[in-house]
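Coordinate analysis (summary)
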Amino acid sequence: MTVHGVTCIIPAYNEGPRIARVARVAASHPAITETIIVDDGSSDDTAAQVAAIPGVRLIRQPRNAGKTAALARGLAQAQGSHTLLLDADLTGLTADHITALITPVAQTRAAVSISLRGNAPAPWRLIGLDYISGERVLPRNLIAPHLDRLTSLPPFGFEVFLNALITRAALPVAVVRWPDVASPLKHRKYGLWRGLRGDAGMIADMLRTHGPATLGRQIIQMRRLRV
């Protein structure tokens, strides 16, 4: 599928200390035609940090509804044929990393690309796939027919829902290693107990979206789809 414009969507909740760096890299990248940041009801200065960055379109949720809802809001507004998803808290991200993620799809070597960050959990680095990575490039028409369904998913059910679409369509997947890029661990961002609660909540949302057997099959199937 030919790429006719790439929309970058960055969901963000209370990422004031981190988001501006990610937003500037995305908004200034020549392959990205629009950058949409969805502020998911933040109580800090997330919106103020990005509002004046050239090329950024800021959408503000009236309340915190979770990552899936924020992505659904951004996807509904996206104009590009393809979508680049980025987490708001990445460190070490450069234009070269974004180019590396877009290239396999732009060159039609893969239909979808997924990052494998340097600080991804050890099991994901061992198998060569972070199946819940928040950094992906995908054709917008893969997810666009399912926007209504996204509104009923748990806050952190998006990635495993998307994985089901990828495996059902047997789309070739490029895994792009980002050894110099990291996403801060939740306990470092929020403190030990709040971080542990956040991790537990994310796992619970994944299991509410698809059961453990399905998640296991996703990993196996997506590894087989790698190019």
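Here the structure is shown first, and the text comes after it.
Okay, so let's go over this structure. (Residues numbered from 1 in each chain as written. Predicted model: local features only at pLDDT ≥ 70, side-chain atom pairs only at ≥ 80, totals over all residues. Heavy atoms only, no water.)

**A closer look at the packing of aromatic side chains**
Scanning all chains against the criterion turns up one aromatic pair. The interplanar angle of 85 degrees and the centroid separation of 5.2 Å between the aromatic rings of tryptophan 124 and tyrosine 131 together place this pair among those described as edge-to-face. An identical accessibility class is assigned to tryptophan 124 and tyrosine 131; each is buried. (Phe/Tyr/Trp six-rings, centres within 6.5 Å; stacked < 30°, edge-to-face > 60°. Buried < 20%, exposed > 50% of the residue type's maximum accessible area, 1.4 Å probe, protein only.)

**Quick word on the sheet that holds strand 4 (residues 82–85)**
Adjacent strands of a sheet form backbone hydrogen bonds with each other and so pair up, either parallel or antiparallel. Taken together, the seven strands give an open sheet; going across it, the order is 3-2-1-4-6-5-7, and neighbouring strands pair in mixed fashion. Each edge of the open sheet carries a strand with a single partner, namely strand 3 (56–60) and strand 7 (173–178). In this sheet, adjacent strand axes meet at a mean angle of 20 degrees when their direction is disregarded. Together, strand 4, strand 5 (112–117), strand 6 (136–139) and strand 7 form the strand contacts of helix 8 (residues 158–169), whose direction differs from that of strand 6 by roughly 45 degrees. (Pairing = 2+ DSSP bridges. Helix = DSSP H or I, 4+ residues; strand = E, 2+ residues; numbered from the N terminus. Axes fitted to C-alpha atoms, helices over the stretch in contact; angles between N-to-C directions. Contact = heavy atoms within 4.5 Å.)

**Re the environment of arginine 57**
By secondary structure assignment, the location of arginine 57 is in strand 3. Along the chain, arginine 57 and isoleucine 9 lie 48 residues apart, while their C-alpha atoms are 9.6 Å from each other. Those residues in contact with arginine 57 that lie beyond four places of it in its chain are Glu34, Thr35, Ile36, Ile37 and Gln77. A polar atom in the side chain of arginine 57 sits 2.8 Å from the side chain of glutamine 77. (Polar contact = N/O pair within 3.5 Å; in protein donor to acceptor, adjacent residues only side chain to side chain.)

**Concerning helix 8**
The first and last C-alpha atoms of helix 8 sit 17 Å apart over twelve residues, in line with the 16 Å expected at 1.5 Å per residue. Most of helix 8 is tucked away, with ten of its twelve residues classed as buried. Along helix 8, the positions that sit buried rather than exposed are Phe158, Glu159, Val160, Phe161, Leu162, Asn163, Ala164, Leu165, Ile166 and Thr167. Positive phi appears at alanine 170, one or two residues downstream of helix 8, with a value of about 55 degrees. (Expected span 1.5 Å × (residues − 1).)

**Points about the pattern of salt bridges**
The full count for this structure, using the stated rule, is five salt bridges. In this structure, arginine 117 and glutamate 135 form a salt bridge, with 2.5 Å as the shortest nitrogen-oxygen distance. Taken together, the positions of arginine 117 in strand 5 and glutamate 135 in the loop between helix 5 (122–127) and strand 6 put the pair 18 residues apart, joining distant regions of the chain. Neither arginine 117 nor glutamate 135 differs from the other in exposure class; each is buried. The network of salt bridges with common partners includes Lys67, Asp87 and Glu159. (Salt bridge = Lys/Arg side-chain N within 4 Å of Asp/Glu carboxyl O.)

**Things to note about the nonpolar core**
Within the largest apolar cluster, 38 residues are counted, with the highest numbers of intra-cluster contacts made by Tyr131, Ile143, Leu150 and Ile166. When contributions to this core are tallied by element, the ones reaching two or more residues are strand 2 (34–39), helix 3 (67–77), strand 5, helix 6 (140–143), helix 7 (147–150), helix 8, helix 10 (192–209) and helix 11 (212–224). With six residues, the single largest contributor to this core is helix 8. When sequence neighbours within four positions are dropped, the list of residues in contact with tyrosine 131 reads Trp124, Arg136, Val160, Asn163, Met206, Leu215, Gln218, Ile219 and Met222. Ile10, Ile19, Ile37 and Val181 belong to the second-largest nonpolar core, a separate cluster that totals 29 residues. (Core = buried A, V, L, I, M, F, W, Y, C linked by side-chain atoms within 4.5 Å.)

**Re unusual backbone geometry**
The phi dihedral of threonine 108 is positive, around 60 degrees, even though this residue is not glycine. Note that threonine 108 resides in the loop between helix 4 (95–106) and strand 5. Of note in this structure, alanine 170 is not a glycine but carries a positive phi near 55 degrees. The topology assignment puts alanine 170 in the loop between helix 8 and strand 7.

In short, shape yes, function no, at least from these values alone.
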